[in-house]
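Residue strings, one per chain:
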Amino acid sequence: MSFSTWQKGKGKLGHLDLEGALTARDRVGIQDFVLLDAHNSETAFLDNLKKRFSEDLIYTYIGTLLISVNPYKELDIYNKKHMDLYMGVNFYELPPHIYALADNAYHTMLTEGNNHFILISGESGAGKTEASKKILQYYAVSCPSSALLDTVRDRMLMSNPVLEAFGNAKTLKNDNSSRFGKYMDIQFDRQGDAVGGHILSYLLEKSRVVHQNHGERNFHIFYQLVEGGEEDLLRQLGLERDTQHYNYLVGGECANVSSINDKNDWKTVKNALSVIHFDESDIEHLFGVIASVLHLGNVHFDGDTKGYAVLNSNAELRWVSKLIGVHVQVLQEALSYRKIEAKTDEVMCPFMVDHAVYVRDALAKAIYGRTFTWLVNRINESLENQDSTRKTVIGLLDIYGFEVFYVNSFEQFCINYCNEKLQQLFIQLTLKAEQEEYEAEGIEWEPVQFFNNKIICDLVEEKYRGIISVLDEECLRPGDATDLTFLEKLEEKMGNHPHFVTHKLADKKTRKTLDRGDFRLLHYAGEVTYCVVGFIDKNNDLLYRHIKEAMRQSKNSIIRQCFLCDEVDSRRRPETVATQFKNSLLELTEILMAKEAWYVRCLKSNDNKQSGKFDDVLVRHQVKYLGLIEHLRVRRAGFAYRRRYEEFLKRYKPLCPDTWPHWRGVAADGVETLVKHLGYQPDEYKMGRTKIFIRYARTLFATEDAFEICKHELATRIQAKYKGYRAKGEFKKQKEAATKIETCWRGVQARKERERRAWAVKVIKKFIKGYMTRGQAKTTDNSEYLAFVRQSYLNRLKGNLPKTVLDKTTWLTPPPVMKETSEILRQLHSRWLVRKYVRGITPQKKAQMQMKVITSAIFKGKKDSYPQSVAVPFQDTRISEQDINVRVLQTIRHERIKYSVPVVKYDRNGFKPRPRQLILTQSAAYLVEEAKIKQRADYVSLKGVSVSNLGDTMMILHVANDDHKQKGDLLLQCDHLYEFLTKLSVLANKQNAIKVLQGSIKFEIQGGKENFVDFSTGQEPLVYKGKNGHLTVVTPRTRTR
Ligand SMILES: Nc1ncnc2c1ncn2[C@@H]1O[C@H](COP(=O)(O)OP(=O)(O)OP(=O)(O)O)[C@@H](O)[C@H]1O
Ligand SMILES: [Mg+2]
């Protein structure tokens, strides 16, 4: 968007209808004097003011300066709607208003982050206090809010009615005239929240407590208390509901004023006190003080014969004593005598009646004045901002306005001097400084003439030569100084001063207007004649020491705090009132000079507080002395805004691509480039030596608007960048964290691994050492190894045990340490196997085994084929009874057949083989051929049995031959040789008769003959009759024996 488009479009669209109405109304006259054609004409200036005033348009600008004309009537322009309307809107977009100025100051403070103050000036009754209240209300409503801040804000708002009650009074000029100066700082945090406040008060006109001019009143609070105070309260304070009853309230003879509602105001003040957080005792003591002042005013002194004051303990005195908590006796003495210290003694010196009254009044003023200061401090405590971060402030200065009465005294002198100082400050900051700046910056400039009131300020305040110095000198000098001697001194010193005149110094004409006791100052705002009476006294503001001491004993906490010991003890003379005031104004000037200024110039429309009346002469006079025309001239010719190049560039450089983000060259060139880019017209600005000067505020506002838009774009960009940066940072952080965790984890793992390895090394070492010393006795070195060896051996052994009793080979070779154990185990295991085996044997098997044992006893190690026979089980018989011939059976049944087996019988001579059945009975062996029993050999007659040692199955049964029926020995071949012979040996009980022989075996044949059977080994099994006539039996050699 180009700059000119902004300018056109800068008005806010779619504002409330109200704005439309306002702008329409605003067509009356000109809202900013800068736009006035006849800007040099005072008449045109006044006409414009008047025209607007007649339409209730009381505000008009001169640039950013606001002129306010007191309408003396309520205008409906201070409501919430109006506040909302002006909130955050550029100064010139809406008709002039005090809110616009307040808002502009606020936003400038926020954007520039610096301190500001609003100087509200104008004579008494012009509307300064009202203006300051409006500003405060605007901030209270428009600033961001929170519960906590609301409290601070409420307190700030409520401090006004309280301070006004105690510090304002009705004067001839103003029904609510400020009788003290007030500077209030409103503190804002960076977000623009009002977070605290601080009030400085200046010189309260306390003489009003004891004296009021005709038509004036004492401070409002007295009337509010008497009129509005609750019955109970009045009773407690000993007050009557009658202002006429109190001497201090009747002086002005106008206790009741139509514009003031004391009863209502009392309620407001009471409520305000509780909002500001005054507790019960504070409030009680505070009203005690106020009531005590009223009572004090009624304390009456009688005169004795010598004229000395006599004070009887009357009711009023007792009330004073009660309320300020000082013993009545002490009070009575303090008010009627003065203690004079003479060397070591104290002399009580009685007062004359006048003097006693003076002392009483001095006490009343002191009590009230100090209580007022206490009140300000107390309010400050409750407004104090608790947070210590940096704050920016907007100061509001509302001070008593310039005033001229019929009789003007020391107070008016101070008030008018104060106004003189503020005018000086205004001149300094606007007319003088500004023009000097143009000159310094080398800006072409036609100087504007203006009246500089420095001359009057100097007249009053100059060291050694000013009026205050002369007054102080007169107050402090020994001897009889009076108000008149002071006047003389003034005349001496000021003699020729153009702004000073007295009766003596004046020309004939003027002299007529002056009394002898007067001096006249030609103030910037007009002539004021001061009556010197009371100047010395008021400047000294003396309160006797003994009175202060009496007050120190007070039981009223406020009074006690007001009369602190150090002050009483201090022997140094305190500074005079005027000097104190001068110094406090000096400090104020310094405070203000450090801030940016905004001005509200209040004008009084008429002297009669009359609404709708525009007193031309009066207004013209004010316009003149306030220097408004000069201000306009400087504004017109001058520049609304200036800023150092560096600052200007820093703020607005984002608006031009050449200057953003950095301008490398000289700042002034950067600014030149920038404003050219923005399209500034040549008449809109000037380049000074160090600053750029912008002529019209609107140019700046347009630039500011452009910056606002640009700022948002920038903010978005910066935000995006920042978000990216944050995300990157976050990612980096996460990555770092991951790496860290990884590293840590690896470290943990590595440490674990290292531990494991170290452990392993230890174990291996121990193992090796154990291994090396395995043969030795158990030591710590090898014990574990041995245990391991033991265990591993046992474990292995467990899986490799022999499965059968006969398995003698399977047994793991034990390590040396286990030899013994292994042997025991082996035996145990073997025994266990045996037992298991034995338990598994059946009776039949057992019988068979027993038979086999017999067989073994006979043949083991003797006959070659024995080993093969061991595994072959014996049977009960080899021929079942069915297969034996019945006749044979019948023949031998009685002998019980025990065993039968087929055999081959060889003839004893021819050796012819013949198959036969051999049957064993209980008592004999039968050789049977079918049904024929071929031979019966009684066991008794069986001499023996011979077999060869070879693998054949031939046997020779030797039978006794003494029985001739016997045919001789039997040559039999039986496949079940062992089985048969075992059975036979058992049946015949002939174990020992069975012989295993080598080589040839002799046998007998019937008739005492004998032959041999030759046994040999050969390739084939053969049985034949050898050449030698022997039976030859050849058996293949058995491989193993
Ligand atoms: N903006 C306003 N609208 C209506 N009335 C106003 C306005 N300003 C001032 N007044 C009236 O004028 C009276 C005097 O105004 P204010 O007390 O503000 O004067 P001042 O400048 O503070 O005088 P002083 O110097 O005596 O304190 C107010 O009480 C009020 O009645
Ligand atoms: Mg005021």
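Our subject is the structure that appears above.
A quick note: this is a predicted structure, and the numbers were derived from the prediction, not measured.

Draft legend 1. Local environment of the overall build of the protein chain. The helix and strand inventory of the protein chain stands at 37 helices and 31 strands. Each of the three principal axes of the protein chain carries a C-alpha extent, and together these read 220 × 80 × 55 Å. Across the 1041 residues that make up the protein chain, the buried fraction comes to 50%. Restricting the contact set of the protein chain to residue pairs at least 6 apart, pairs at least 24 apart contribute 64%. The protein chain carries 154 positive and 131 negative side-chain charges, and their two centres are separated by 21 Å.

Draft legend 2. The arrangement of the sheet that holds strand β17 (residues 641-644) in detail. Across the sheet, which stays open at both edges, the three strands sit in the order β17-β19-β18 with antiparallel pairing between neighbours. Looking along the sheet, the strands with just one partner apiece sit at the ends: β17 and β18 (685-687). Mean inter-strand twist for the sheet, computed between neighbouring axes without regard to direction, equals 15°. By the bridge criterion, four bridges tie β17 to strand β19 (residues 691-694) in an arrangement that is antiparallel. Across the sheet, Arg644 pairs through a bridge with Lys691, a residue of β19.

Draft legend 3. Highlighting the environment of Tyr524. Take Tyr524: it is sitting in the loop between β14 (518-523) and β15 (526-531). Residues Tyr524 and Lys732, 208 residues apart in the sequence, show an inter-C-alpha distance of 71 Å.

Draft legend 4. Main features of the pattern of salt bridges. Applying the stated criterion across every chain yields a total of 54 salt bridges. A salt bridge links Glu216 to Arg208; the shortest N-O distance between them is 2.9 Å. Through salt bridges that share partners, Arg179, Glu205, Arg208, Glu216 and Glu403 make up one connected network.

Draft legend 5. Focus on the pairing of strand β11 (residues 345-350). Sheet topology places strand β10 (residues 337-342) next to β11; six bridges connect them, and they run antiparallel. Residue pairing for β11: Lys339 is matched across the bridge by Met348. Once β10 ends, the chain turns through two residues before running back antiparallel as β11, passing Lys343 with a positive phi of about 50°.

Draft legend 6. Examining the packing of aromatic side chains more closely. Across all of its chains, the model carries 42 aromatic pairs by this definition. When the ring of Tyr524 is compared with that of Tyr625, the centres are 5.2 Å apart and the planes differ by 85°; the resulting orientation is edge-to-face. You can see Tyr524 sitting in the loop between β14 and β15 and its partner Tyr625 sitting in helix α27 (residues 616-625), a full 101 residues away along the chain. When sorted by exposure, Tyr524 lands in the same class as Tyr625, which is buried. Grouping aromatic residues by their ring pairs yields a cluster made of Phe410, Phe413, Phe486, Phe500, Phe519, Tyr530 and Phe535.

Draft legend 7. Representation of a nonpolar patch on the surface within the structure. Where nonpolar side chains cluster on the molecular surface, the patch consists of Ile764, Phe767, Ile768, Tyr771, Met772 and Phe788 and spans about 610 Å² of accessible area. Top contributing element to the nonpolar patch by residue count: helix α31 (residues 697-772), with five residues. Tracing the backbone shows Met772 in helix α31. By relative accessible area, Met772 is classed as exposed at 61%.

Draft legend 8. Region of the structure containing helix α5 (residues 98-112). For α5, with 15 residues, the first-to-last C-alpha span of 21 Å sits near the 21 Å given by 1.5 Å per residue. The buried fraction of α5 is high, at 11 of 15 residues. Of the positions making up α5, those classed as buried are Ile98, Tyr99, Ala100, Leu101, Ala102, Asp103, Asn104, Ala105, Tyr106, Thr108 and Met109. One or two steps after α5, the chain reaches Gly113, where phi turns positive at roughly 65°.

Draft legend 9. Spatial organisation of the sheet that holds strand β25 (residues 954-959). Strand order in the open sheet formed by eight strands is β23-β22-β21-β20-β26-β25-β24-β27, with mixed pairing between adjacent strands. Either end of the sheet is taken by a strand with one partner, and the two such strands are β23 (932-938) and β27 (994-997). Adjacent strand axes in the sheet meet at a mean angle of 35°, parallel and antiparallel pairs treated alike. Bridging between β25 and strand β26 (residues 970-973) involves four bridges; their strand directions are antiparallel. Considered in β26, the bridge of Leu957 is made with Leu970.

Draft legend 10. A look at the coordination of the magnesium ion (ligand 2). With distances of 1.9 to 2.1 Å, the protein atoms coordinating the magnesium ion (ligand 2) are Thr129 (OG1) and Ser178 (OG). One end of the pair, Thr129, is in helix α6 (residues 128-142); the other, Ser178, is in strand β5 (residues 177-178), and 49 residues separate them in sequence. Across the pair, exposure class does not vary: Thr129 and Ser178 are buried alike.

Draft legend 11. Structural detail: the site of ligand 1. The environment of ligand 1 is formed by 20 residues, the closest being Ser124, Lys128, Thr129, Ser177 and Gly401. Separating an oxygen atom of ligand 1 from a backbone N or O atom of Gly125 is a distance of 2.8 Å. A distance of 2.7 Å is found between an oxygen atom of ligand 1 and a side-chain nitrogen or oxygen belonging to Thr129. Burial of ligand 1 by the protein amounts to 89% of the accessible area it has alone, namely 620 Å².

Draft legend 12. Spotlight on the nonpolar core. Counting residues in each nonpolar core, the largest one holds 186 residues, and the members touching the most others are Ile118, Tyr139, Phe222 and Phe519. Tallying contributions element by element places helix α16 (residues 353-383) first for this core, with 14 residues. Among the nonpolar cores identified, the runner-up in size contains 29 residues, and Leu920, Ala937, Leu957 and Leu977 belong to it.

Reading the values: rules and limits
- Residues numbered from 1 in each chain as written.
- Chains lettered and ligands numbered in written order.
- Predicted model: local features only at pLDDT ≥ 70, side-chain atom pairs only at ≥ 80, totals over all residues.
- Heavy atoms only, no water.
- Helix = DSSP H or I, 4+ residues; strand = E, 2+ residues; numbered from the N terminus.
- Buried < 20%, exposed > 50% of the residue type's maximum accessible area, 1.4 Å probe, protein only.
- Contact = heavy atoms within 4.5 Å.
- Lys, Arg positive; Asp, Glu negative; His and termini not counted.
- Charge placed at Lys NZ, Arg CZ, Asp CG, Glu CD.
- Pairing = 2+ DSSP bridges.
- Axes fitted to C-alpha atoms, helices over the stretch in contact; angles between N-to-C directions.
- Salt bridge = Lys/Arg side-chain N within 4 Å of Asp/Glu carboxyl O.
- Phe/Tyr/Trp six-rings, centres within 6.5 Å; stacked < 30°, edge-to-face > 60°.
- Patch = residues over 30% accessible without salt bridge, like charges linked within 9 Å, V, L, I, M, F, W, Y side chains within 5 Å.
- Areas by Shrake-Rupley, 256 points an atom, 1.4 Å probe, with all protein chains shown as cover.
- Expected span 1.5 Å × (residues − 1).
- Donors = N, O, S within 2.8 Å, 3.2 Å for Na, K, Ca; no water.
- Near = heavy atom within 4 Å.
- Polar contact = N/O pair within 3.5 Å; in protein donor to acceptor, adjacent residues only side chain to side chain.
- Core = buried A, V, L, I, M, F, W, Y, C linked by side-chain atoms within 4.5 Å.

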